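# Observations on the three-dimensional arrangement
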Amino acid sequence: MTESPTQQRRLARAVHWGLSGGLYLSAALLVAGLMLSMAGHATPTPHHPLKLRPLIAASLNGDGTAVINLGLVLLMATPVLRVLVLGIGWLGEKDWRFALVSLIVLTMLCVSIVWGTG
Amino acid sequence: MDPSLTKLAILAVAGVGAGALGALLGTGGGVFVVPVLVLVIGVPMHQAIATSIVTVIAASSAVAGGNVERGTANMRLGMTLEIATALGAICGGLTAAFMPPALLEGLFAACLLPTAIVMLRQRPGEGETEDAAPVNAVAPDAARQPLAADGRLAGAYFDPATGGWVTYRVRRLLPALGVSFVAGNVSGLLGIGGGVFKVPALHLLCGMPIKAAAATSNFMIGVTAAASAFLYFGRGSVQPALTAAVVLGVLIGAPIGSWFGHFVHGRFLTRLFALLLVATAVQMLVRVWTSGVPIP
């Protein structure tokens, strides 16, 4: 099917806002983490910085390194979110071919993340 | 490493410059970050590569939304090529097992130099068609957007530098998929988003105008880099404070570079990109030279 300019703009806006939200939150965490680290509230880098539960717990305790790592994880997740938003958008427009393309890319990204963290 | 405030400030400023150039040229700026980290701050190479990969994501995400809304980034083409890139990134481990990274770098440096010459010699506007009736440069009205040339992957965008809509078709998708595979394959190894391979492929092979090529590459490199970044991050190679400083700088610089890119002519971008290719090739050759692996 052919996508109308309105549909194109709606999808583009969804991608824009999804990215911006993730980036603003990530930047806020990075600034907060750096300030905490400068104030001396930081431990050495945790051995497994991708274990989310301990990372969040340490962040809530005011550990600057953990807050920075949380911000970086959020930053690294924004492209994954972008692929997800586009896939859902194309699915909603019944553009099956490109919804499938997004799904394939998302699957490969997940494989890479699982291999990396496993 | 417990970085001082001075080091963090240097990295943040370097991040602004890398983000601006990376967003302007569609490469993410990783190639500018690595030398600063290694030569100025004294970070070991593998940690510099890990930091560089994360900053590429920052540069990509900071401007991708705007490029998508303006229509310069071709989402469908980007996502299609991303299949090959992600596959290449996953297969990167295999390549690393069979070929030393320095040998790979030597090979790619040998590819980048001729590509730079081809880009410099290319005629301006090749592969693109400007709308016969340019619209007002001040207010690009989406309702007056011309229909993209035929084909699902074709695109159209408003260029403030020329004051008209630019439409283009996408050619030679198969070779571009091959280059995207290679770009994904080496991006994790070399600490770059692969934009130095993607932009020439999109511009020279697919026939996209240089601005659309840079914006589409920018859109793609975030996804490519994310695949490698999680691996580096999981291994603990990313230095949190240093990376945070560069990322914050990149988040400021990337929108500036992207904004600047709308008002410069394609020819200027092509020449600047050719210079970047030469600089990257030299950087790779220096690393090969210092590692002691003979250049093939």
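Residues numbered from 1 in each chain as written. Chains lettered and ligands numbered in written order. Predicted model: local features only at pLDDT ≥ 70, side-chain atom pairs only at ≥ 80, totals over all residues.

## Things to note about the overall build of chain A
Of the regular secondary structure elements, chain A holds four helices and zero strands. When the helices and strands of chain A are placed in sequence order, the string is α-α-α-α. Looking at chain A residue by residue over its 118 residues, the buried ones come to 40%. At a minimum sequence separation of 6, the contacts of chain A that also span at least 24 residues come to 57%. (Helix = DSSP H or I, 4+ residues; strand = E, 2+ residues; numbered from the N terminus. Buried ≥ 20, exposed ≤ 12 C-beta atoms within 10 Å, placed from the backbone. Contact = placed C-beta atoms within 7 Å.)

## A word on the overall build of chain B
Counting its regular elements, chain B contains 10 helices and three strands. Order of helices (α) and strands (β) in chain B, N terminus to C terminus: α-α-α-α-α-β-β-β-α-α-α-α-α. Considering chain B as a whole, with its 296 residues, one finds that 57% of them fall into the buried category. Restricting to contacts in chain B with at least 6 residues of sequence separation, those with at least 24 account for 81%.

## Describing the confidence of the model for chain A
The share of residues in chain A with pLDDT of 70 or more is 86%, and the mean pLDDT across the chain is 83. Of all secondary-structure elements in chain A, the lowest mean pLDDT belongs to helix 1 (residues 5–38) of chain A, at 83, while helix 3 (residues 64–92) of chain A reaches the highest, 90. (pLDDT = per-residue confidence, 0-100.)

## Looking at unusual backbone geometry
At A:Lys94, a position not held by glycine, the phi torsion is positive, near 60°. Mapping A:Lys94 onto the fold places it in the loop between helix 3 and helix 4 (96–117). Taking the C-beta count within 10 Å as the criterion, A:Lys94 has 8 such neighbours and is therefore assigned exposed. We note that B:Arg172 has phi near 45°; this positive angle belongs to a residue other than glycine. Of note, B:Arg172 is situated in the loop between strand 3 (164–168) and helix 6 (173–190).

## Structural notes on the packing of helix 1 (residues 5–25) of chain B against helix 3 (residues 45–70) of chain B
Helices that pack against each other are described as a pair by the angle of their axes relative to one another and the distance between those axes. Residue and element names in this part refer to chain B. Relative to each other, helix 1 and helix 3 sit at 60°, their axes nearing to 10 Å. Of the possible angle classes, the one that applies to helix 1 and helix 3 is oblique. The hand of the helix 1/helix 3 crossing is right-handed. Residue-level contacts link Gly15, Ala18, Gly19, Gly22 and Ala23 of helix 1 to Thr55, Ala59, Ala62 and Val63 of helix 3. For the contact of helix 1 with helix 3, a count of residues per class yields five nonpolar, four polar and no charged. (Axes fitted to C-alpha atoms, helices over the stretch in contact; angles between N-to-C directions. Parallel < 35°, antiparallel > 145°, perpendicular 65-115°, else oblique. Left-handed = near helix turned anticlockwise from the far one by under 90°. Nonpolar A, V, L, I, M, F, W, Y, C, P; charged D, E, K, R; others polar.)

## Concerning the packing of helix 2 (residues 30–41) of chain B against helix 3 of chain B
Residues and elements named next belong to chain B. Relative orientation of the contacting elements helix 2 and helix 3 amounts to 145°, with a least axis distance of 9 Å. Helix 2 and helix 3 meet at a crossing whose hand is right-handed. Along the contact surface, helix 2 presents Gly30, Val33, Val34, Leu37 and Val38, while helix 3 presents Met45, Ala48, Ile49, Thr51, Ser52, Ile53, Thr55 and Val56. Split into classes, the residues belonging to the contact of helix 2 with helix 3 amount to nine nonpolar, four polar and no charged.

## Topic: the interface of chain B and chain A
Chain B puts 42 residues into the contact, and the matching count from chain A is 45 residues. With 11 residues, the top contributor of residues to the side of chain B that touches chain A is helix 3 of chain B. For the side of chain B that touches chain A, the residue count by class is 29 nonpolar, 10 polar and three charged.

## Regarding the confidence of the model for chain B
Residue and element names in this part refer to chain B. Mean pLDDT for chain B: 78, with 82% of residues reaching 70 or above. Taken element by element, the predicted model of chain B shows its lowest mean pLDDT in strand 1 (residues 128–130) (44) and its highest in helix 9 (residues 240–263) (90). Taken as a whole, residues 126–150 scores under 50 in pLDDT and shows 41 contacts with residues more than four places along the chain or in a different chain. Here the complex is predicted with pTM 0.82, and the ipTM for its interfaces comes to 0.86.

## Quick notes on helix 2 of chain B
Residue and element names in this part refer to chain B. Taking 1.5 Å of rise per residue, 12 residues should cover 16 Å, and helix 2 covers 16 Å from first to last C-alpha, within 8% of that figure. Along helix 2, the residues classified as buried are Gly30, Val31, Phe32, Val33, Val34, Val36, Leu37 and Ile41. Immediately downstream of helix 2, the backbone of Gly42 shows phi near 85°, a positive value. (Expected span 1.5 Å × (residues − 1).)

## Quick word on helix 3 of chain B
Relative to the 38 Å expected for 26 residues at 1.5 Å per residue, helix 3 of chain B spans 37 Å between its end C-alpha atoms, a close match to the ideal helical length. If you look at helix 3 of chain B, its biggest bend is around 35°, right at B:Ala64. (Bend = angle between axes of the 7 residues up to and from the residue.)

## Thoughts on the pairing of strand 2 (residues 155–159) of chain B
All names here are of chain B. Counting buried positions along strand 2 yields four of five residues, so the element is predominantly enclosed. As judged from the five bridges shared by strand 2 and strand 3, these two strands associate in the antiparallel manner. Bridge pairing links Gly155 to Tyr168 in strand 3. Where strand 2 hands over to strand 3, the hairpin turn is made up of four residues, of which Gly163 adopts a positive phi near 75°. (Pairing = 2+ DSSP bridges.)

## Structural notes on the nonpolar core
Ranked by size, the top nonpolar core spans 127 residues in total, and within it A:Leu109, B:Val54, B:Ala226, B:Ala229 and B:Val247 carry the most contacts. With 17 residues, the top contributor of residues to this core is helix 8 (residues 210–234) of chain B. Those residues in contact with B:Ala229, other than ones at most four positions away along the chain, are A:Met76, B:Ile53, B:Val54 and B:Ile57. (Core = buried A, V, L, I, M, F, W, Y, C linked by C-beta atoms within 7 Å.)

## What to know about the environment of B:Arg271
All names here are of chain B. With respect to the helices and strands, Arg271 occurs in helix 10 (residues 266–291). Look at Arg271 and you get partly exposed, because 15 C-beta atoms sit within 10 Å. Residues Arg271 and Ala109, spaced 162 residues apart in sequence, show a C-alpha to C-alpha distance of 18 Å.

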